[in-house]
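# Notes for the structure review
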Amino acid sequence: MYMNLRRIRRCQCVQLMTTCLVLSVVMVCWEPLDSNVVSHVKSYSFRYLVNGFTYINKSLTIPREQARSFSNFHYLLDHPDKCVGKDVLLLLFVKTSPENIERRNAIRSTWGNETYIQTALGVTVKVVFALGAPRTKKWEPSWSKRSGVGSQERLIYEDRIHGDLIQQDFLDSFHNLTLKLIMQFHWMHSRCSHAHFLMTADDDIFVHMPNLVSYLQDVSSRGVTDFWIGRVHRGAPPIRSKDSKYYVPFEMYQWMSYPDYTAGAGYVVSRDVADRIYQATLTLNASLYIDDVFMGICANAIGVSPQEHVYFSGEGKSPYHLCIYNQMMTSHGHVEDIYDLWKAATDPQVKQRTSGLKGRLYCMAVKISLLCKPYFFNTYPCKAAFL
Ligand SMILES: *[C@@H]1O[C@H](CO)[C@@H](O)[C@H](O)[C@H]1NC(C)=O
Ligand SMILES: *[C@@H]1O[C@H](CO)[C@@H](O)[C@H](O)[C@H]1NC(C)=O
Ligand SMILES: *[C@@H]1O[C@H](CO)[C@@H](O)[C@H](O)[C@H]1NC(C)=O
Ligand SMILES: *[C@@H]1O[C@H](CO)[C@@H](O)[C@H](O)[C@H]1NC(C)=O
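Residues numbered from 1 in each chain as written. Chains lettered and ligands numbered in written order. Predicted model: local features only at pLDDT ≥ 70, side-chain atom pairs only at ≥ 80, totals over all residues. Heavy atoms only, no water.

## Things to note about the overall build of the protein chain
For the protein chain, the count of helices and strands is 16 helices and 12 strands. Every one of the 387 residues in the protein chain was classed for burial, and the buried ones make up 48%. Sequence separation of 24 or more characterises 77% of the internal contacts of the protein chain that already satisfy a separation of 6 or more. Approximately 20,100 Å² of the protein chain is accessible, and the part contributed by carbon and sulfur atoms is 58%. (Helix = DSSP H or I, 4+ residues; strand = E, 2+ residues; numbered from the N terminus. Buried < 20%, exposed > 50% of the residue type's maximum accessible area, 1.4 Å probe, protein only. Contact = heavy atoms within 4.5 Å. Areas by Shrake-Rupley, 256 points an atom, 1.4 Å probe, with all protein chains shown as cover.)

Here's what the structure looks like:
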C-alpha cells in the first residue's frame, strides 16, 4: 500500500514536471507556433467548412482580352513538329532556366533520353524544356562578354544540337513561373494536343521513367479521365510573411486557403484535363505567381481535384535503396547524383531482388525502416511501405 502510494506520487511528480516543461517550451515558442497553427487551423476550416472556392473562381475571372496578356508572348525557340504523326504517350515539360545547361544535359542523357525510352520501353515520350528569356547582357558573366556570346546565342546553339527548347520572350524569373505554366498548356494545345498525358517537372528532379511509363500505360488503357496526380497539398494557407519566397500579398489572393494542388516539383494530368486547363487560362487572372497554386485555381475552375500518389515525392527526396527504386516515380533535389541514381534505379537487379515472396517481405521491412520515422523527414509517406 505504502509502496504504491509512493510510486503514484513519483509518477505524478514526473507528470507535473513534464507538463511544466512542455508548457514553458510552448510559451517560449508561442508566437511563431501560434501564427503557424492558427493559419493552418483557419485554412483547414476554410477548406472543409466554408468551402468558398467558387468565390475564387468568380473573382479571378477576367475578360478574355485582358487574360491574353498572360499568354501572348512570342516564341523565341519552338518546335511545332515535335509531336506530328506520333502516338505520344507523355509530353513532359521540364521547367528550366537559361543558365541550367548542365541539368538539361544530365536529364537528356539519363531519364529524359527519348531514344532510350523508345527502344527500351517501346513508347514515345517527348521531353522538352520550358524556359523564358535570359536577363540582359549586364548580368552575363565576364567571360561570355569577352567572347561575345550572349546567353540567348548559347541557347540557340544548344537548341540546334538537341532541338528540345521551348522558349517565350517573357523574362525567366521565379515570379514569372505562372507564365511558364501557361506556356506549357498553350503549347500542348497548339502543337501536341493528341499526347495522352502532360507532365510538368522541375529541372532538379529525378523521374523513374520505366515505372512512370508502365503506370501511365495502365491508366491510359483504363481510359481514365479527370486525371491529375502528384503529391497533394490540401488546404494550404497563403504565406503572408514578407521574408518568404512564397509570400503572397492580400491583394493578390485574399482567401485563407488555397484550393488543393499538387507540388510543382512534378505532376501529371490526362489529355482532357490539359485541354480544359488551357481553356481556363483564357479567362483567369494569372498574376498569382506561384505556379502550382495557380494550377490549383485553374483545376478548381474546371472542377478537377488532384489525387495523391505516394511515390510522387513533391519537395521530398527518395531514400537510396533498390526496394524504393522498384516503385518510385519522382524524387526531388537531384543534380550531381542523377547519373548514378539513373544507373542504380534501372539496374535489372532491382526487379530480380525485389520480386518473389522473400523479396517482397525483405523490401517491406526495408521500406518501413526507411519511411516510417518518428520524426518528420521529407520523403515518401510511411504508408508507401505497405504497397
Ligand atoms: C540515349 O540512349 C541511347 C540508346 O540507349 C544511347 O545510344 C544514347 O547515347 C543516349 N543519349 C545520350 C545523350 O546519352
Ligand atoms: C515577367 O516577364 C515580363 C515580360 O518579360 C517582365 O516585364 C516582368 O518584369 C517579369 N516579371 C518578373 C517578376 O520577373
Ligand atoms: C489581376 O489581379 C491583380 C492583383 O493580383 C490586380 O492588380 C489586377 O488588376 C488584376 N487584373 C485584372 C485584369 O483584373
Ligand atoms: C468558374 O468560372 C467560369 C467562368 O465564369 C465558369 O464557366 C465555371 O463553370 C466556373 N467553375 C466552377 C467550378 O464554378
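## Some details on a nonpolar patch on the surface
Where nonpolar side chains cluster on the molecular surface, the patch consists of Met364, Ile368 and Phe386 and spans about 250 Å² of accessible area. By the element assignment, Phe386 lies in the segment after helix 16 (356–371). (Patch = residues over 30% accessible without salt bridge, like charges linked within 9 Å, V, L, I, M, F, W, Y side chains within 5 Å. Salt bridge = Lys/Arg side-chain N within 4 Å of Asp/Glu carboxyl O.)

## A few points about the site of ligand 3
Near ligand 3 the following residues occur: Ile62, Gln66, Glu251, Met252, Asn285 and Ser287. Between an oxygen atom of ligand 3 and a side-chain N or O atom of Asn285, the distance comes to 2.3 Å. Here an oxygen atom of ligand 3 sits 3.0 Å away from a polar atom, N or O, in the side chain of Ser287. Burial of ligand 3 by the surrounding chains reaches 51%, relative to a free accessible area of 360 Å². (Near = heavy atom within 4 Å. Polar contact = N/O pair within 3.5 Å; in protein donor to acceptor, adjacent residues only side chain to side chain.)

## Quick word on the site of ligand 2
Taken together, Asp169, Phe170, Leu171, Ser173, His175 and Asn176 make up all the residues around ligand 2. One nitrogen or oxygen atom from the side chain of Ser173 is found 2.7 Å from an oxygen atom belonging to ligand 2. With respect to ligand 2, the side chain of Asn176 contributes an N or O atom lying 2.3 Å from an oxygen atom. Against a free-state accessible area of 360 Å², the protein chains account for coverage of 51% of ligand 2. Across the shell around ligand 2, the residue classes break down as 2 nonpolar, 3 polar and 1 charged. (Nonpolar A, V, L, I, M, F, W, Y, C, P; charged D, E, K, R; others polar.)

## Considerations on the environment of Ser270
Among the secondary structure elements, Ser270 is positioned in strand 10 (residues 266–270). Looking at Ser270, the relative accessible area reads 2%, which means it is buried. Sequence spacing of Ser270 and Leu90 is 180 residues, and the spatial spacing of their C-alpha atoms is 9.1 Å. What Ser270 contacts, discounting residues up to four positions off in sequence, is His196, Phe197, Val224, Thr225, Asp226 and Phe227.

## Brief notes about unusual backbone geometry
Glycine aside, residues mostly have negative phi, and peptide bonds are mostly found in the trans state. The backbone of Asp226 sits at a positive phi, close to 55°, despite the residue not being glycine. Take Asp226: it is sitting in the loop between helix 10 (209–221) and strand 7 (228–230).

## Comments concerning the sheet that holds strand 3 (residues 124–133)
In space, the 8 strands of this open sheet follow the order 1-4-3-2-5-10-7-11, with mixed pairing throughout. Whereas interior strands pair on both sides, the edge strands pair on one side only; in this sheet they are strand 1 (75–77) and strand 11 (307–308). When strand 1 meets strand 4 (residues 165–171), the two strands line up antiparallel, connected through 2 bridges. Considered in strand 4, the bridge of Tyr75 is made with Gln168. Along the sheet, helix 10 contacts strand 2 (88–95), strand 3, strand 5 (197–202), strand 7 and strand 10; its crossing angle with strand 2, the most-contacted strand, is approximately 130°. Strands strand 2, strand 7 and strand 10 of the sheet are contacted by helix 12 (residues 291–302), whose axis makes an angle of about 150° with strand 7. (Pairing = 2+ DSSP bridges. Axes fitted to C-alpha atoms, helices over the stretch in contact; angles between N-to-C directions.)

## Looking at the packing of helix 3 (residues 53–60) against helix 12
Angle between the axes and distance between the axes: these two values describe a pair of packed helices. Viewed as axis vectors pointing N to C, helix 3 and helix 12 meet at an angle of 100°, and their least axial separation amounts to 10 Å. The angle between helix 3 and helix 12 falls in the class roughly perpendicular. Along the contact surface, helix 3 presents Phe53, Ile56, Asn57 and Leu60, while helix 12 presents Ile297, Asn300 and Ala301. Among the residues forming the contact of helix 3 with helix 12, the class breakdown is 5 nonpolar, 2 polar and no charged. (Parallel < 35°, antiparallel > 145°, perpendicular 65-115°, else oblique.)

## Regarding the pairing of strand 4
A large share of strand 4 lies buried, amounting to 5 of its 7 residues. For strand 3 and strand 4, the ladder comprises 4 bridges, and the chain directions are parallel. Paired with Ala133 across the bridge in strand 4 is Leu171.

## Looking at the state of the cysteines
Per the counting criterion, the structure on display carries 3 disulfides. With its sulfur 2.1 Å from that of its partner, Cys323 forms a disulfide with Cys363. The sign of the -75° torsion about the S-S bond sets the Cys323-Cys363 disulfide as left-handed. Taken together, the residues Cys323 in helix 13 (residues 322–325) and Cys363 in helix 16 connect sequence positions 40 residues apart. Here Cys323 falls in the buried class, since its relative accessible area comes to 1%. On the accessibility criterion, Cys363 (5% relative accessible area) is buried. Numbered in order of appearance, the disulfide-bonded cysteines of the protein chain are paired 1-2, 3-4, 5-6. (Disulfide = S-S within 2.5 Å.)

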